[in-house]
Amino acid sequence: MRSSVGNPAAEKRGMNLTLRIWRQQGPTVKGKMVTYKITDISPDMSFLEMLDVLNEQLILQGDDPVAFDHDCREGICGMCGVMINGQAHGPQQTTTCQLHMRSFADGDTIDIEPWRATAFPIIKDLAVDRRAFDRIIQAGGYISVPTGTAPEAHATPVPKADSDAAFDAATCIGCGACVAACPNASSMLFTAAKVTHLGLLPQGQPERNDRVVNMVAQQDREGFGGCTNIGECSASCPKGISMETISRLNHDLLGALRAGARPKS
Amino acid sequence: MTVEHAQRRTPKVAKTNSVFKKAVMAISGIIMVLYLIAHVIGNLKAFSGAESFNSYSGWIRTVGNPALPGQTTLWVIRIVLLVAVVAHFWAAVSLWRQAKRARPQGYVTKKPTAQSYASRTMRWGGVIIGAFIIYHILDLTTGTVNAEGFDSTPYERLVASFQNPFVTIFYAISVILLGMHLRHGIWSATQTLGQSNRRREKTVSAFAVVFATALTIGFLLVPFSVLFGLID
Ligand code: HEM
Ligand code: SF4
Ligand code: FES
């Protein structure tokens, strides 16, 4: 590989950007968009590294750094979601930490906002409280199995197509982009991913009806909106969870209601 | 970071399950769609002349006689449709309000990634369609707002109404909105009733487009034929 270092023609100068970031001191105070200029950003930086550079600048100036969530920085923990130019996780279908500055052009203005949903209250700046998702999982996103020796794998055969679809659904990282992008602020894709993952596997069958009614009841209780099958969620999901999972949730829910399953209050 | 003081305006526990509401919407929508299929076929009888059109209107009032007395069939249809419209409207308003509560503060910048025009206009489009349905009944069924009044044949009311270009345009806009409503509605209902999957998605969408277009054209044929003097 030829290096561009020392080759003035190929050497790219860093990008200069204007950032407009939602600043909000705390959950109950009013927030507003604040404009920052940032210079000499490498196109190879990740979006979060770009924010790190901004924060270093702010700290040196004695300003309050921008609060944003992150953890793994490798696209698997789901912590880093922010709205970038009106799109959840920005212009690529990936997580914010896996988005690179080469997706932007020198001189761009970039708007950065937190997820907006009643069920995801703002903690500070870009950081929101996504524990509503934990409570949806607690309402039914599990299987009850006796612990002990691992069972013989061949004892419970699973058709390949089912295990593939279950695994696809299981890749949800709970980032909340689906809620953020949805015009109804609905958490349907998130819930449907878990209902699909467990509902397709033999281990998920005993609790299948209770799981779906309780998880849907919990998401309503948390204050998420209802799904109208618009598809923004799936198009914004870094893991590409499909709309098919929502149909599957609906199918299971209507079946469970017919079978007499009712949510725990 | 502690967030215990975070203001969590927990909305009232949804009394009815949001997915159940969507199912009410889908089923009432399908009932209305079935009626619309019969309705458009009836309308096209205007092309075979006043007599054929009026006799169809008479037929729907007397069908089932004498086993079913008077206008039983007609009233059964009317009541089923009324229940469907009310249920559909109730579910729509309730989900609309839930969505508003779910995001009281919107984004400064929001860019749609996948949504179609049809899916964005379901709510206000639905309201316009609802207003149109009321006007439509007052115009052609009761004759209350029709130039020919109530004391006329259905065919006379039809011609009187659509000779007015404004009426025809209002009708056309509403019917096109209805077509879009069904374009998204058919796909959405398939999802809501849990009948969609990755393999069927394309077929369902294609069917929705073809069906909605055919129905819209079917409904537009008669009024424009009146306007342009092909039917008088
Ligand atoms: C009274 C006026 C109406 C209003 C306010 C209304 C509103 C709505 C709304 C908000 C939706 C859900 C949107 C979505 O899923 O994205 C919907 C769905 C639907 N509507 Fe309507 N609508 C009306 C009239 C009609 C009529 C006259 C028909 C049929 C001829 C119809 C057929 C459907 C169907 C099939 C669906 C799909 C159900 C589903 O999403 O599961 N609607 N309507
Ligand atoms: S479904 Fe996709 S967008 Fe939603 S939480 Fe899971 S990974 Fe994120
Ligand atoms: S920081 Fe973990 S997914 Fe982005």
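Residues numbered from 1 in each chain as written. Chains lettered and ligands numbered in written order. Predicted model: local features only at pLDDT ≥ 70, side-chain atom pairs only at ≥ 80, totals over all residues. Heavy atoms only, no water.

Things to note about the overall build of chain B
Working step 1: When helices and strands are counted, chain B shows eight helices and zero strands.
Working step 2: When its helices and strands are written in sequence order, chain B yields α-α-α-α-α-α-α-α.
Working step 3: Taken over the C-alpha atoms alone, chain B extends approximately 80 × 40 × 40 Å along its principal axes.
Working step 4: Counting over 232 residues, chain B shows a buried share of 42%.
Working step 5: In chain B, of all internal contacts separated by at least 6 residues, the share reaching a separation of at least 24 is 70%.
Working step 6: Accessible surface, chain B as shown: approximately 13000 Å² in total, 69% of it carbon and sulfur. (Helix = DSSP H or I, 4+ residues; strand = E, 2+ residues; numbered from the N terminus. Buried < 20%, exposed > 50% of the residue type's maximum accessible area, 1.4 Å probe, protein only. Contact = heavy atoms within 4.5 Å. Areas by Shrake-Rupley, 256 points an atom, 1.4 Å probe, with all protein chains shown as cover.)

Digging into the domain arrangement of chain A
All names here are of chain A.
Working step 1: Domain annotation for chain A reports domain 1 (8–123) and domain 2 (130–145 + 158–258).
Working step 2: A separation of 29 Å is found between the C-alpha centroids of domain 1 and domain 2.
Working step 3: Taking both sides of the interface into account, the surface hidden between domain 1 and domain 2 amounts to around 1400 Å²; carbon and sulfur atoms contribute 61%.
Working step 4: For domain 1, the biggest contributors to the area lost against domain 2 are Q93, A119 and F120; these three give 39% of the whole.
Working step 5: Summed over the shared surface of domain 1 and domain 2, the number is zero salt bridges.
Working step 6: On inspection of domain 1 and its partner domain 2, the count reaches six residue pairs in polar contact (both at pLDDT 80 or more). (Domains from an automatic or database assignment. Buried area = accessible area lost by both parts, 1.4 Å probe. Salt bridge = Lys/Arg side-chain N within 4 Å of Asp/Glu carboxyl O. Polar contact = N/O pair within 3.5 Å; in protein donor to acceptor, adjacent residues only side chain to side chain.)

Structural notes on the side chain of T168 of chain B
Residues and elements named next belong to chain B.
Working step 1: Within the fold, T168 resides in helix 7 (residues 165–192).
Working step 2: Overall, the relative accessible area of 1% leaves T168 in the buried class.
Working step 3: Within polar-contact distance, the side chain of T168 engages the backbone oxygen of F162 at 2.9 Å.
Working step 4: Discounting chain neighbours no more than four positions away, the residues touching T168 are F162, P223, F224 and L227.

As for the site of ligand 1
Working step 1: Residues in contact with ligand 1 amount to 24 residues; listed here are only the nearest, H88, G126, H181, S188 and T192 of chain B.
Working step 2: What surrounds ligand 1 is not a single chain but chains A and B.
Working step 3: One of the side-chain N or O atoms of K22 of chain B is found 3.1 Å from an oxygen atom in ligand 1.
Working step 4: In this structure, a nitrogen atom belonging to ligand 1 sits 2.7 Å away from a side-chain N or O atom of H88 of chain B.
Working step 5: Looking at the shell around ligand 1, the elements that each hand over two or more residues are helix 1 (18–44), helix 3 (72–102), helix 5 (122–141) and helix 7 of chain B.
Working step 6: Residues of the shell around ligand 1, tallied by class, amount to twelve nonpolar, ten polar and two charged. (Near = heavy atom within 4 Å. Nonpolar A, V, L, I, M, F, W, Y, C, P; charged D, E, K, R; others polar.)

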